[in-house]
Amino acid sequence: MSNMRYVILKGQDELLFVEMPSDYAYQLSALNLRLNKEIDKLTAAGKPQLPLAVAECDNLDLLQESLSIQGGLEYINELEQAFASLKETEYPLISLLTEIRALQAQLEQWYEEEAL
């Protein structure tokens, strides 16, 4: 199994822990920070509530049973669906979706290669 990293995201009332292949964790963190920077520029109703990337680490032991680790591909798929469903007319949403989908494609390829 390849090395994994964990991106820790802070939501309104919760922490999210996303497991990423170590080569892609930084990309998720950078994407998250960019999306947080740009989200206020969107004019569409129903903008997703984005957590904010606050840390990355190599090892993670959760001490509360109520917490769980989410897979990176699952997280990025949910993110893509949330942004793809927006009916944006003023802001070039396609540039954000392109960045999300690029990471999504890289993760899909990584998991396919890992399964071999």
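Our subject is the structure listed above.
What counts, and where the lines are drawn
Residues numbered from 1 in each chain as written. Predicted model: local features only at pLDDT ≥ 70, side-chain atom pairs only at ≥ 80, totals over all residues. Heavy atoms only, no water. Helix = DSSP H or I, 4+ residues; strand = E, 2+ residues; numbered from the N terminus. Contact = heavy atoms within 4.5 Å. Salt bridge = Lys/Arg side-chain N within 4 Å of Asp/Glu carboxyl O. Buried < 20%, exposed > 50% of the residue type's maximum accessible area, 1.4 Å probe, protein only.

Q: I would appreciate a short explanation of the side chain of N32 in the present structure.
A: Along the chain, N32 turns up in helix α1 (residues 25-38). Contact partners of N32, with chain neighbours within four places excluded, come to L9, P51, L52, A53 and Y75.

Q: It is not clear to me how the pattern of salt bridges should be interpreted in this structure. Could you clarify?
A: Following the criterion strictly, the structure yields 6 salt bridges and no others. Linking R5 and E56 is a salt bridge whose minimum nitrogen-to-oxygen distance equals 3.0 Å. Placement of R5 in strand β1 (residues 4-10) and of E56 in strand β3 (residues 52-57) is noted, with a sequence separation of 51 residues between them. According to the relative accessible area criterion, E56 is partly exposed, its value standing at 26%. Taking the shortest distance from any N to any O, the salt bridge between D58 and R5 comes out at 2.4 Å. Linking D58 in the loop between β3 and β4 (69-71) with R5 in strand β1, this pair joins segments that are 53 residues apart in sequence. Several salt bridges share partner residues, and in doing so they unite R34, E38, K41 and E99 into one network.

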